[in-house]
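# A closer look at the structure
Single-letter residue listing:
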Amino acid sequence: MLLRIRSKDGNFRFELPSTADISVLVNKILETTVDADPASLAVSNQPRGNETLMSTLKGRNLQTLGLRLNQDRHGDMIFVGYLTKASQVPAAPMSIDVPSSTRLQSNIWETVQEDAVDIYWRSKDGKIPRGRDARFCKHGVNGMCDYCMPLEPYDAAYQAEHSIKHLSYHAYLHKISPKTLKIHVPVAGIRLGQPEYPFRMVDHLEIASPEIIERFLKAWRSTGLQRFGWLIGRYEPYEKVPMGIKAVVEALYEPPQEGELDGLTLGIPWEDEPRIRELAKMASGSIVHHPEDRTKSIYKRHPHSFFVSSLEAIFAATIQKANPTPSRSSPTGAFGSRLVTAILTATEDGKVDISAYQVSEQACAMVDADMIEASVEPGIVRIKDEDRSQDAARYVPDVFFRYKNEYNLEVKKTAKPCFPVEYLLVNVTHGFPQSPSPLFRSNQFAIENRPGLEDQRIEDLSDNPLTSTSDASKRLELAKWLSDWHLLGFLETTQLVSKSPKQFPDILKADMQVLVSTVTSPSLLEDPSALNALFKTESWQTLMTFTRESAPSLPSTSAPGPSSSHIDEDIPQDVFDQIAAEEAARREGPSGVSSGIKICPHCTFENSEGETDCEVCGLPLG
């Protein structure tokens, strides 16, 4: 028999045999409630009145309740009421035996810890304010009419006027919340592109400092090989889009990888991923992982070729699927992903630009269902053949996409066997702040996992301003040097700060938190006392001791005494200055101004001295 249950938690349907005991129905109802008192459960055949406590129906089956069994296809309606544990009054123990397997738990979506930006937008109505219309508003100053009342964040006319292609995530939630939830059988086919995917999880990608990109490009300019990095940052409200969200990038971490001229190889996940996630959480309060790729400085990604290759789109879908966004609006507690793919590639005039994308949830679902694969043509995605074998069954429904033909008419076309990769992409705008205020003030420390190009060595700590903590004039230099993401990541691996005895795990962990919070403080460069808390930690004293003991001894500058050597007396000071300058140039590495290197004025690639044309872009070096 089909039973329909209506309570303050909503409407529910249960298919139960007519001979089932009443306790079975009790268990089903308890699964739909939150903190319900089983002893207070009451049922009725009408919304108000005629309630009967279910505890008085012990031992009876559903057939004896006088319900209309299968008289219509909708089933009988039962109205349920109950008291929550917090509001109940002392009552007699329930007389119905409830199986131990029935647990009163909160719904998953009610226990989800959302990002701070989601909590912020849930506290706002998101309405778009409008000023008084001088032509049509006839009311007083404090009045309001249809011409000046605030617009909903999903207003279609406003979106079209401001060229906003996709709704923001929270604007989309506002749009669907007034509608009645309808349960229906899904259609047999999948439709790609808009309007099937009308919103995006992230509306804007903001790079906190151009230096982040420049340091990332340095490896390519020196080797010509592809590089990959994870962008670290946080999410903030983006006011230029109604209820928008932007990803603010503060640092970039490069995992172990092997670059090639037209691709790269890396492992997912990598060994240090948990450590980097924890360090990023301490630095910015949240974790933002964005893959970033780099292509040759050749204009090959344009409307007549492709913007994102099918292999890159499938890779992005795989990573997005592995990094869902916690959401209270989803029955599973998670929905979508805020991971953004940023591709650095050449423009038509030979410069380097950033293109930011996400792949749609349709793409993530199709990758998860093993429906699509990359093709030889970069801009084309291939749909796999259906497999009905018992060992590896694969169901592939019909897939369609729409496009405008040569007559400017919209045409629906099947996506089998292949379709353009653009139908899986969601554009994300990007930019730099007008007044940069990055979380990390320096990017000069060697970058991780660049063997042979940049090596992170513990000996490098001695060649730094660590020993100048007592000099107030040198504290600014020390503070800026310490505020480096790559330095923080390296110090965690040196056992000077992060590693601690197992019996005292919280001591040095607190020291690492003090270090991170100090070097990311907004007033780090303005307040001379900002470093005092760091100087008091035991880890800092250990670091100072190591620095003093490993620092090379400096030559004496005092006048030679009677017993001193006079070998260098006749050497001019200019010679010593020249030796020091050469040593500094050697430490800094190739800078593009020393002999033997020719920097391309078009793509900035470093060529050998004998070359006349750039090895990468082919343009003349002269």
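In this text the structure is predicted, and so the values were computed from the model without any measurement. (Residues numbered from 1 in each chain as written. Predicted model: local features only at pLDDT ≥ 70, side-chain atom pairs only at ≥ 80, totals over all residues. Heavy atoms only, no water.)

As defined by bridge partners, strand β9 (residues 204–207) adjoins strand β24 (residues 425–431) across three bridges and the pair is classed as parallel. Considered in β24, the bridge of L205 is made with H430. As defined by bridge partners, strand β18 (residues 352–359) adjoins β24 across four bridges and the pair is classed as antiparallel. Counterpart to V359 in the pairing with β24 is L425. (Pairing = 2+ DSSP bridges. Helix = DSSP H or I, 4+ residues; strand = E, 2+ residues; numbered from the N terminus.)

Quick look at the nonpolar core now. Nonpolar side chains in soluble globular proteins tend to be buried together. If you look at the biggest cluster of nonpolar residues, it comprises 39 residues, and the most contacted ones within it are L461, L482, W485, L515 and W540. Elements with a contribution of two residues or more to this core: β10 (228–238), β11 (244–253), α6 (273–284), α9 (475–482), α10 (485–491), α11 (505–519), α12 (532–535) and α13 (538–550). The greatest single-element share of this core, amounting to five residues, is contributed by α10. Leave out the neighbours within four places in its chain, and W485 touches I232, A251, L252, Y253, I276, L279, A280 and F440. (Core = buried A, V, L, I, M, F, W, Y, C linked by side-chain atoms within 4.5 Å. Buried < 20%, exposed > 50% of the residue type's maximum accessible area, 1.4 Å probe, protein only. Contact = heavy atoms within 4.5 Å.)

Applying the stated criterion across every chain, the model contains 15 aromatic pairs. Ring geometry for Y120 against W121: centres 5.0 Å apart, planes inclined by 65°, an arrangement best described as edge-to-face. Looking at Y120, the relative accessible area reads 30%, which means it is partly exposed. Residue classification places W121 among the buried positions, given a relative accessible area of 5%. (Phe/Tyr/Trp six-rings, centres within 6.5 Å; stacked < 30°, edge-to-face > 60°.)

Attention now moves to the sheet that holds strand β20 (residues 380–383). Judged by pairing direction, the sheet is antiparallel, and its three strands sit side by side in the order β19-β20-β23 without closing on themselves. A strand with exactly one partner marks an edge of an open sheet, and here the two such strands are β19 (372–374) and β23 (418–420). In this sheet, adjacent strand axes meet at a mean angle of 35° when their direction is disregarded. Here helix α7 (residues 310–322) sits on the sheet in contact with β19 and β20, set at roughly 130° to β19. (Axes fitted to C-alpha atoms, helices over the stretch in contact; angles between N-to-C directions.)

Before going further, it helps to spend a moment on the sheet that holds strand β5 (residues 76–81). Taken in spatial order, the five strands of this open sheet run β2-β1-β5-β3-β4, and their pairing is mixed. Unpaired on one side and paired on the other, β2 (10–15) and β4 (52–53) mark the two borders of the sheet. Two elements, strand β1 (residues 2–7) and β5, share four bridges in a ladder whose sense is parallel. Its bridge partner lying in β5, L3 is registered against D76. The sheet strands contacting helix α1 (residues 22–31) are β1, β2 and β5, and the helix crosses β1 at an angle near 45°.

In this section: the side chain of T494. Structurally, T494 can be placed in the loop between α10 and α11. In terms of polar contacts, T494 uses its side chain to reach the backbone carbonyl oxygen of L491, at 2.8 Å. (Polar contact = N/O pair within 3.5 Å; in protein donor to acceptor, adjacent residues only side chain to side chain.)

With that out of the way, let us pick up the pairing of β18. Two strands pair when backbone bridges link them, and strand β17 (residues 341–346) and β18 are joined in this way by six bridges, in the antiparallel orientation. The residue bridging L344 from the neighbouring strand is I354, located in β18. Count of turn residues in the β17/β18 antiparallel hairpin: five residues, of which G350 carries a positive phi of about 90°.

Inspection of the entire model under this criterion finds 25 salt bridges. In this structure, the salt-bridge partner of R275 is E492, at a minimum N-O distance of 2.9 Å. Placement of the pair is R275 in helix α6 and E492 in the loop between α10 and α11, with a sequence separation of 217 residues. Because the salt bridges share partners, they merge into one network encompassing E206, R234, E236, K246 and E250. (Salt bridge = Lys/Arg side-chain N within 4 Å of Asp/Glu carboxyl O.)

With that settled, the discussion passes to unusual backbone geometry. Across the junction of I268 and P269, the peptide omega takes the value -5°, indicating a cis bond. Along the polypeptide, P269 turns up in the loop between β13 (264–266) and α6. In this structure, P417 follows K416 across a cis peptide bond, with omega equal to 5°. If you trace the backbone, P417 turns up in the loop between β22 (410–414) and β23. Residue S163 is not a glycine yet carries a positive backbone phi of 55°. Positionally, S163 belongs in the loop between α3 (156–161) and β6 (167–168). Residue S163 is classed as exposed on the basis of its relative accessible area, which comes to 67%. Unlike most non-glycine residues, M243 shows phi in positive territory, near 55°. Examined against the element boundaries, M243 turns out to sit in the loop between β10 and β11. Residue classification places M243 among the buried positions, given a relative accessible area of 2%.

Let us look at the environment of V516. By secondary structure assignment, the location of V516 is in helix α11. Given a relative accessible area of 0%, V516 falls into the buried group. For the pair V516 and L482, spaced 34 residues apart in sequence, the C-alpha separation works out to 9.3 Å. Apart from residues no more than four positions distant in its own chain, V516 is found in contact with L279, M282, A283 and L488.

Bringing the confidence of the model for the protein into the picture now. For the protein, per-residue confidence averages 80 on the pLDDT scale, and residues scoring 70 or more make up 78% of the total. Of all secondary-structure elements in the protein, the lowest mean pLDDT belongs to strand β14 (residues 290–294), at 49, while β9 reaches the highest, 95. Per-residue pLDDT stays below 50 along residues 556–569; that stretch engages in four contacts with residues further than four places along the chain or on separate chains. Per-residue pLDDT stays below 50 along residues 590–594; that stretch engages in four contacts with residues further than four places along the chain or on separate chains. (pLDDT = per-residue confidence, 0-100.)

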